[in-house]
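Single-letter residue listing:
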Amino acid sequence: MKLGKVELCHFLQIFALLFCLSGMSQSELSRSGSKPYFQGGKSRTKRSWVWNQFFVLEEYQGPEPLYVGKLHSDVDGEEGRIKYVLSGEGASSIFVIDENTGDIHATKRLDREEQAYYTLRAQALDRDTDKPVEPESEFQVKVQDINDNEPKFQDGPYTAGVPEMSPVGTSVLQVTATDADDPTYGNSARVVYSILQGQPYFSVEPKTGIIRTALANMDREARDQYVIVIHAKDMVGQMGGLSGTTSVTVTLTDVNDNPPRFPRRSDQYYVPESLPVDSMVAKIKAIDADIGPNAEMEYKILDGDGLGVFKISVDQETQEGVITIQKELDYESKTSYSLRIEAANKHIDRHYESLGPFMDTTTVKIIVEDIDEPPLFTQPVYSMPASEAAKVGTSIGVVAAHDPDSSNSPVRYSIDRNTDLERYFNIDANSGVITIAKPLDRETNAVHNITVLAMENQNPTQIGRGIVAITILDINDNAPEFAMDYETTVCENALPGQVIQKISAVDKDEPSNGHRFYFSLASESPNNHNFTLQDNKDNTASVLTRRAGYQRLEQSVFYLPIIIVDSGSPSLSSTNTLTIRVCDCDADGIAQTCNAEAYILPAGLSTGALIAILACILTLLVLVLLIVTMRRRKKEPLIFDEERDIRENIVRYDDEGGGEEDTEAFDMAALRNLNIIRDNKSRRDVTPEIQFVSRPSFKSTPDNVIFREFIWERLKEADIDAGAPPYDSLQTYAFEGNGSIADSLSSLGSVSSNSDQNYDYLSDWGPRFKRLADMYGNSEDSLYS
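Now for a look at the structure at hand. Because the structure is a prediction, the values reported are computed rather than measured.

What counts, and at which threshold
- Each residue is numbered by its place in its chain's sequence as written, counting from 1.
- Under the rules for a predicted model, residues below a pLDDT of 70 receive no local features and side-chain atom pairs below 80 are neither given nor counted, while totals for whole chains, interfaces and linings still include all residues.
- Values shown for side chains rest on all heavy atoms present in the structure; no hydrogens or waters enter the calculation.
- Helix numbering and strand numbering both begin at the N terminus, where a helix is a DSSP run of H or I of at least 4 residues and a strand a DSSP run of E of at least 2.
- Residue burial is assigned from relative accessible area. The probe radius is 1.4 Å, only protein chains are included, and a residue is buried under 20% of its type maximum, exposed over 50%, and partly exposed in between.
- Two residues qualify as a contact provided that any one of their heavy atoms is within 4.5 Å of a heavy atom in the partner residue.
- In these tables, accessible area is a Shrake-Rupley quantity obtained with a 1.4 Å probe, and a residue counts as shielded only by the protein chains included in the view.
- Think of it this way: Lys and Arg go in the positive column, Asp and Glu in the negative one, and His and the chain ends go nowhere.
- Should a side-chain nitrogen of Lys or Arg be within 4 Å of a carboxyl oxygen of Asp or Glu, the pair is scored as a salt bridge.
- Counting of polar contacts relies on pairs of N or O atoms within 3.5 Å, with two restrictions inside protein: one atom must be capable of donating a hydrogen and the other of accepting it, and residues adjacent in sequence are counted only when both atoms are side-chain atoms.
- A pair of aromatic rings is counted whenever rings of Phe, Tyr or Trp (Trp by its six-membered ring) have centres within 6.5 Å, and the orientation is called stacked for planes under 30 degrees apart, edge-to-face for over 60 and tilted otherwise.
- By definition here, charges over rings are those cases where NZ of Lys or CZ of Arg is within 6 Å of the ring centre and within 35 degrees of the ring normal.
- Cysteine sulfur pairs qualify as disulfides if the two atoms are within 2.5 Å.
- What makes two strands pair is DSSP finding at least two bridges between them.
- Note on definitions: angles span 0 to 180 degrees between N-to-C directions of axes, and those axes are lines fitted to C-alpha atoms, for helices only across the stretch in contact.

## Some words on the overall build of the protein chain
Broken down by element type, the protein chain carries six helices and 43 strands. Taking all 785 residues of the protein chain together, the buried fraction comes to 34%. In the protein chain, 67% of the contacts between residues at least 6 apart in sequence involve partners at least 24 apart. Working note: accessible area of the protein chain is about 48,400 Å², and carbon and sulfur atoms make up 52% of it.

Right under this line is the structure:
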């Protein structure tokens, strides 16, 4: 079998190790056979077995167990009475001993990286007695390392950043590879680093793993990311060593090495003249290849005829310059503006000032576009006074508007009727003169705010709006009146000169100098012997008693007319009547009762007592009504049987009813007025003893016999038939009522009638009326056909 270079190297190492162990084992065995010695009269027994540390090569995978070493005691002769016992870590499971010869073998593959040492204890026992012949001794088995672990980057893959334009040798990152092999034995754990990918931009130090830049002036704007592959190899990089790799992603971070530049030296924008203030006109942007804070810029207007009309600010997200309007544009006044604008970086790196200057300028021309504007009023708000006494058609003011465009189109005026629903005002369409269309009343509406529309003749869609505030001037057209509805009372025991009411007045008018009211009694009241009036000179007046001893029985109410005059020009007056009631008062002068009817109440009965009596009477009436109602609704059966008595009311309408004076049509006695008492078999559900009351018949004709016999037959059949419903009550209308001015209406009595009516003409109406003609014809045969 051919061996590779690595396998040959491992084989040589194992051979050299076994050779060393063999020599050491022979040395220990020869030493263990030394005899005891004596010195200076004192004797000391030399230990009978001593050995050094045993060594076992890791990862051994031979066909036979690996020989570790041999144990032997001096007391072990050739007769074989000594046996060897092994205990401790891995005894019996990993390490076994031949109890006769003391040879130790390893039965399993060992890994130094899992456990580098095993501590064992050996003992020599007498085979017959199992007693120790030597003291127990402890020894170690060391697992000898081989290079079976490659270097590993525990923290990989890596990411790092380095500023662009960094000088050569700038440290980027340090990587570290670890090797699980024994660092104290050989070179199995000695690692060196190299770079497999990333030249010529980066390099790595072989011993430390520090990555550095290897190329100057790397530009982020050209390339911003690199991927480096680092190689780590043990055995100091020699042939046969194991290796591992990792990747490092290096990102170039930005520095401010690019100044802003406008893509064009000038720009031109169009804007309508109607654009509102603070509206955006345009956006401009200087291009900066840097990113983040290094690309932040400031814009400003250096000069131009648009200073004060426009301003520029920066959009923090896009770093654009936003141009907005500061004043209203007017095409008729100025048609274009020119601005020179500068853009500069906010954060400048002094290391790269040589690449500057870090600013740039451009020229922006703004052209104002003409649009058709609505008419403009000369004033935003017009104020006009109007007297409420002004007549219809009076002019109160004029408004004016003009077309701001160069065409200067004529303007027509109108009033927005949504602001003048009552149509109080009109406006002349050509001159703008506003006149009164309806009488005005300041007390109804003191101010009218109307909107006047100005429309271009050439383009009616262009409409301007102006506000007109019309203030109505007051005149004295409302008389004063009481400020409220006064409830005035006077006590029966009032004294002369006592103030019983203080009154004031109100006026809907509002004179410029304020109100001044004068109070007096009506012309027919100055000689009033009951009350007098005192003007307090402060727009109030006091009503006083003029005598004592007011009596409700004599007069319970007084009506005092009072005249109130205002100070207007001309002055207006009104007569207001004050109602004064006479009341019974307590000792403190508080009214108790003001009704004269209270005197007619019986002595000793108060109002509360009367209310209580009425409540009791009402309660008794309610109880009586409830009892009567319940009695009427109560139903009691006539007959009770074991289960339940079921009855029905049978009403028959077989005969003619009574006349207007008949009140006995529903009387059961009419059925029994037969002068015959029949002893029929009684039913179980009918009371057996029924007394038939005899009643004289008002009309005795053969027809009555027919009905009587018919009814009795039906009653008999009902009594015999157990399944038929009982006849609890039976109504009959077989007799004409007493006092009826009409004869019987039944056709059955027509035979004996003296009526001259002839119904023979019914036969001429056709077959459908033949039956009716037979019944009502004069022929006797037709009645019974």
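## Considerations on the side chain of aspartate 566
With respect to the helices, strands and loops of the structure, aspartate 566 is situated in the loop between strand 39 (557-565) and strand 40 (573-585). Although aspartate 566 is buried, it makes no salt bridge; arginine 516 carries the closest opposite charge, 11 Å away. From its side chain, aspartate 566 meets the backbone nitrogen of glycine 568 in a polar contact 3.4 Å long. A distance of 2.7 Å separates a polar atom in the side chain of aspartate 566 from the backbone nitrogen of leucine 572.

## Examining the environment of glutamine 61
Examined against the element boundaries, glutamine 61 turns out to sit in the loop between strand 3 (54-57) and strand 4 (66-70). Each C-alpha atom of the pair glutamine 61 and arginine 109 lies 6.3 Å from the other, and the pair is 48 residues apart in sequence.

## Re the packing of aromatic side chains
Applying the stated criterion across every chain yields a total of 13 aromatic pairs. When the centroid spacing of 6.3 Å and the interplanar angle of 75 degrees are considered together, the rings of phenylalanine 377 and tyrosine 382 count as edge-to-face. The same class applies to phenylalanine 377 and to tyrosine 382, which are both buried. A connected cluster of aromatic rings, assembled from ring pairs, spans Tyr201, Phe202 and Tyr226. For the cation-ring pair, lysine 334 lies above tyrosine 337, with the distance from its terminal atom to the ring centre recorded as 5.3 Å. The lysine or arginine in question, arginine 547, covers the ring of tyrosine 550, its NZ or CZ lying 4.2 Å from the ring centre.

## A short note on the state of the cysteines
Disulfides are covalent bonds that link the sulfur atoms of two cysteine residues. Taken as a whole and judged by the stated rule, the model has two disulfides. Between the sulfur atoms of cysteine 491 and its disulfide mate cysteine 585 the distance is 2.0 Å. Across the S-S bond of cysteine 491 and cysteine 585 the torsion is about -90 degrees, and the bridge reads as left-handed. Here cysteine 491, found in strand 34 (residues 488-491), pairs with cysteine 585, found in strand 40; they are 94 residues apart in sequence, far enough to count as distant. Classification of cysteine 585 by relative accessible area gives buried; the value is 12%.

## Examining the side chain of glutamate 164
Positionally, glutamate 164 belongs in the loop between strand 10 (158-163) and strand 11 (171-174). Although glutamate 164 is buried, it makes no salt bridge; arginine 220 carries the closest opposite charge, 4.1 Å away. A polar contact of 2.6 Å, which involves the side chain of glutamate 164, links it to the backbone nitrogen of arginine 220. Once residues within four sequence positions are removed from consideration, glutamate 164 is found in contact with Met218, Asp219, Arg220, Glu221, Leu252, Thr253, Asp254, Val255, Asp257, Asp290 and Tyr352.

## Quick notes on the environment of threonine 184
In this structure, threonine 184 sits in the loop between strand 11 and strand 12 (192-197). Sequence-wise, threonine 184 and aspartate 145 are 39 residues apart; in three dimensions their C-alpha atoms are separated by 9.7 Å.

## Points about the sheet that holds strand 6 (residues 95-97)
Judged by pairing direction, the sheet is antiparallel, and its three strands sit side by side in the order 4-7-6 without closing on themselves. Of all strands in the sheet, those bounded by a partner on one side alone are strand 4 and strand 6. In this sheet, neighbouring strand axes are inclined to one another by 25 degrees on average, regardless of whether the strands run parallel or antiparallel. For strand 4 and strand 7 (residues 103-106), the ladder comprises four bridges, and the chain directions are antiparallel. By the bridge assignment for strand 7, glycine 69 is matched with isoleucine 104.

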